[in-house]
Structure formats: structure tokens, C-alpha cells
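Notes for the structure review
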Amino acid sequence: LDSAMAVSLSLQAFQAQYENNDHEVCRVMLDLISGLFKRITDSKTEQAEVERKSFSCGYVFVVETSKRISTAKNVFNNPNNKAYIYVNTKEKSMGVYLSDDLYHKDGFRLRLYDVKKIIEKYGEKIGKGKNEWFLHENGFLLSWGTRKDTRDIPSKIRPEELAFEVNKLIKKYLEKKQKLV
């Protein structure tokens, strides 16, 4: 459903709801159109912020933002991006997400042994404590805080350091896989 169709259907619904009250129809339509315009404008502003504060490190794409936004879909549209690091500076959270291609098709997992070495190198731990890293049991996600489980302090690991380390793991895995073919 595109925006023009949504506006047209909304107009018809409001005309039916507010029979013979053009003033009220115009008021609710103005609110609707203002909301759509704000959403489009906010989206463009967020995208500009993401583009300013994003970079690639080999197979890993890093996005730093101060808002909750969904960029993973766009990041993984580029087949070179095998993992995505999301940094939310406001919520002091950071997460490593694997692309579906890497996780499902290639079978790559973030394994505790490999990830633990990276995390401990910076004086942090993997666990279920308040300021510990969380490694999903299926190995597709590693996070320092989530929307449901926020952190009090940011991780000691800088995003570019984490990207470098995760990229090394992916590169090693893909090279090993290529040798088997």
C-alpha cells in the first residue's frame, strides 16, 4: 500500500465517518498528512545521520546512532556485508548481528570460544550480568545491552575494534570454507 493510496482510502473513511462535516474531514486529513510528512522527514534525517556515522571494515558494516532505528535490512542489501554492528550511543548498547546469508546459508556462528577471547581482551565478560555481553545460544547475535536489558555504562570495546575482530573471524571462516570446496 503506497502513501497516495493510503491517503485516498483515509479520505474516503473520514468522509464516511464525518458526514456533511467538511471542516472536521479537513482537520483530520491535515493531521494525517502532517504526520506522514514528519515521518518522511524524520526518516531522511535518520538516514543522513546513519550515513555520516557508518563505515565498513571488510565484511562488517558499523552504524552508530543515538536513536532506535532499523537499518539492518538496508545494510544486508549489500552482499559484501556479512555482519552488522549497531551502536546506540544514547542507550549505551552495541550489538553484532550476522546476515541471514552468513548464518543460514554459510552456517557461520559466533562461537563462545572465539568471541570470549575478543571480549576478555578488553577486560569484559560474556554472561547474564548487568554489564556483561550476551551471546545468543544460536550464535547469530552478540550484544552489550538490548532494548529490554539496557546497560549503565558503554562497553570498553570501541566499535571499530569489535568490527576488526569480527571481520577476522568471518574472513577466516570463509577462507576455510572456500578451501573445502
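Quick look at the structure, then. Residue numbers run consecutively from 1 along every chain, following the written order of its sequence. Under the rules for a predicted model, residues below a pLDDT of 70 receive no local features and side-chain atom pairs below 80 are neither given nor counted, while totals for whole chains, interfaces and linings still include all residues. Based on all heavy atoms of the structure, the side-chain values leave hydrogens and waters out of the count.

As for the side chain of Ser-155
The condition that has to hold: The numbering of helices and of strands both runs from the N terminus, where a helix is a DSSP run of H or I of at least 4 residues and a strand a run of E of at least 2. Per-residue accessibility, obtained with a 1.4 Å probe over protein chains only, is compared with the maximum for each type, and a residue is labelled buried under 20%, exposed over 50%, and partly exposed between these values. N or O atoms closer than or at 3.5 Å make up a polar contact, with two conditions inside protein: a donor-capable atom paired with an acceptor-capable one, and, for residues adjacent in sequence, both atoms drawn from side chains.
Mapped onto the elements of the fold, Ser-155 is located in the loop between β6 (141-144) and α6 (159-180). Taking the relative accessible area as the measure of exposure, Ser-155 reaches 14% and is therefore buried. Here the side chain of Ser-155 touches Glu-124 through a polar contact of 2.8 Å, side chain to side chain. At 3.0 Å, the side chain of Ser-155 forms a polar contact with the backbone nitrogen of Ile-157.

A word on the environment of Ser-54
What counts is decided by this rule: Every residue pair with non-hydrogen atoms within 4.5 Å of one another is taken to be in contact.
Here Ser-54 lies in strand β1 (residues 54-57). C-alpha separation for the pair Ser-54 and Ile-85, spaced 31 residues apart in sequence, amounts to 9.7 Å. Sequence-distant contacts of Ser-54, defined by excluding residues within four places in its chain, comprise Phe-61, Val-62 and Val-63.

Things to note about the sheet that holds strand β2 (residues 60-65)
For clarity, the cut-off: The criterion for strand pairing is that DSSP finds at least two bridges linking the strands in question.
Here we have six strands laid out as an open sheet, ordered β1-β2-β3-β4-β6-β5, and mixed in their pairing. Single-partner strands in this sheet number two, and they are β1 and β5 (134-135).

Description of the nonpolar core
Put simply, the rule reads: Here, the term nonpolar core denotes a set of buried Ala, Val, Leu, Ile, Met, Phe, Trp, Tyr and Cys residues that are joined through side-chain atoms within 4.5 Å.
Judged by nonpolar contacts, the single largest core of 28 residues is most densely connected at Val-60, Ile-85, Leu-110, Trp-133, Leu-142, Leu-162 and Ile-170. Of all the secondary structure elements, the ones that give two or more residues to this core are β2, β3 (83-88), β4 (93-98), α4 (100-105), α5 (112-121), β6 and α6. Looking at this core, the element that brings in the most residues is α6, giving six residues. Excluding residues within four positions of it along the chain, Leu-110 makes contact with Val-96, Leu-98, Val-115, Leu-135, Gly-139, Leu-141 and Leu-142.

Digging into α6
Condition: Under the convention used throughout, the expected extent of a helix is 1.5 Å for every residue step, that is, one less than its residue count.
Here α6 is 22 residues long and its end C-alpha atoms lie 32 Å apart, about the 32 Å a rise of 1.5 Å per residue gives. Listing the buried residues of α6 in full gives Pro-159, Leu-162, Ala-163, Glu-165, Val-166, Asn-167, Leu-169, Ile-170 and Leu-174. Residues of α6 that are buried make contact with β1, β2, β3, β4, α4 and α5.

Quick word on α5
What counts, and what does not: Note that the arc is defined by the directions from the helix axis to the C-beta atoms.
If you check which residues of α5 are buried, you get Asp-114, Val-115, Ile-118 and Ile-119. Along the long axis of α5, the arc covered by the buried residues comes to 125°, so they all point the same way. Among the exposed residues of α5, those pointing more than 90 degrees away from its buried face are Tyr-113 and Lys-121. The inward-facing, buried residues of α5 abut β6 and α6. Within two residues after α5, Gly-123 carries a phi angle of roughly 75°, on the positive side.

Let's talk about unusual backbone geometry
Unlike most non-glycine residues, Asn-20 shows phi in positive territory, near 55°. Secondary-structure assignment places Asn-20 in the loop between α1 (3-17) and α2 (22-52).

What about the pairing of β6?
Every second residue of β6 is oriented toward a common face, with Leu-141 and Ser-143 on one face and Leu-142 and Trp-144 on the other, all of them buried. In this sheet, β6 lies alongside β5 in antiparallel orientation, the contact comprising two bridges. In the sheet register, Phe-134 faces β6, and the bridge partner there is Ser-143. Here β5 folds back onto β6 in antiparallel fashion, the turn holding five residues, of which Gly-139 has a positive phi close to 80°.

Examining the packing of α5 against α6
The cut-off we apply is this: Working convention: axes come from line fits to C-alpha atoms, limited for helices to the stretch in contact. Angles between N-to-C directions cover 0 to 180 degrees. Should an angle fall under 35 degrees it is taken as roughly parallel, and over 145 as roughly antiparallel, whereas 65 to 115 is taken as roughly perpendicular and any remaining angle as oblique. Note: crossing handedness is left-handed where the near helix turns anticlockwise from the far helix by less than a right angle, and right-handed where it turns clockwise. Residue type decides the class: Asp, Glu, Lys and Arg count as charged, Ala, Val, Leu, Ile, Met, Phe, Trp, Tyr, Cys and Pro as nonpolar, and the leftover types, Gly among them, as polar.
Between α5 and α6, the shortest axis-to-axis distance is 11 Å and the interhelical angle comes to 160°. By the criterion of interaxial angle, the relationship of α5 to α6 is roughly antiparallel. Once α5 is placed against α6, the crossing between them reads as right-handed. Between α5 and α6, the residues in contact are Asp-114, Ile-118 and Lys-121 and Leu-162, Glu-165 and Leu-169, respectively. Class assignment of the residues belonging to the contact of α5 with α6 gives a composition of three nonpolar, no polar and three charged.

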